[in-house]
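# Coordinates in review
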Amino acid sequence: YISTRKSLKVVFHLVDARHGPIDEDMRIMKQIGTSLPRGISYVVVLTKADKNVKGPNSKNSGKVSRDVMGKLRDTMRQNKVGNAPVILTSSETKLGRDDIWRYLRSAAEF
């Protein structure tokens, strides 16, 4: 689909920020790293960035643990997508919403 879809301009890859990339994410990154056509943007979206702090009184404005971010960056480098942007998001706080819309607007302009 990705290599044959002519109208495709951006691929958003959703990764849970509480856990970082899992095996399926690694497989997706590997496929993207080897077969993404030129002209298509690849963006990693870390979801649930507000859920990364444990405890009932914990407040998190969108920080991801160093372990998760390190694992994500290592996985991205290993799969040849190391230069892809990473957007932190939260459905509850709306973190990252404007960044996602910027990519969508940019894709729609072409």
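Residues numbered from 1 in each chain as written. Predicted model: local features only at pLDDT ≥ 70, side-chain atom pairs only at ≥ 80, totals over all residues. Heavy atoms only, no water.

### Description of helix H2 (residues 66-78)
Count 3.6 residues to each turn of an α-helix, and residues three or four apart come out pointing the same way. Definition in use: Here a strand is any run of E in DSSP of at least two residues, a helix any run of H or I of at least four, and the numbering for each starts at the N terminus. A helix's residues, less one, multiplied by 1.5 Å, set its expected span. Remark: exposure states derive from per-residue accessible area (1.4 Å probe, protein chains only) relative to the maximum for the residue type, with buried under 20%, exposed over 50%, and partly exposed in between. What the arc measures is the spread of directions leading from the helix axis to the C-beta atoms. Throughout, a contact is declared for two residues whenever any of their heavy atoms are within 4.5 Å.
The terminal C-alpha atoms of H2, which comprises 13 residues, lie 18 Å apart, in line with the 18 Å expected from a rise of 1.5 Å per residue. Within H2 the residues assigned to the buried category are Val68, Leu72, Thr75 and Met76. Seen along its axis, H2 keeps its buried residues to an arc of 100°; they face one direction. What points out from H2, more than 90 degrees from its buried face, is the exposed set Arg66, Asp67, Arg77 and Gln78. Tucked inside the fold, the buried residues of H2 contact helix H1 (23-35), strand S2 (41-47) and strand S3 (86-88).

### Section: the side chain of aspartate 16
Of note, aspartate 16 is situated in strand S1 (residues 10-16). If we skip the residues at most four places from it in the chain, aspartate 16 touches Thr47 and Lys48.

### Quick notes on H1
Compared with the 18 Å implied by 1.5 Å per residue over 13 residues, the 18 Å span of H1 between its first and last C-alpha is a close match. Among all positions in H1, only Asp25, Met29 and Ile32 are buried. Take H1 and look down its axis: the buried residues cluster within an arc of 65°, on one side only. Set apart from the buried face of H1 by more than 90 degrees, the exposed residues are Asp23, Arg27, Lys30 and Thr34.

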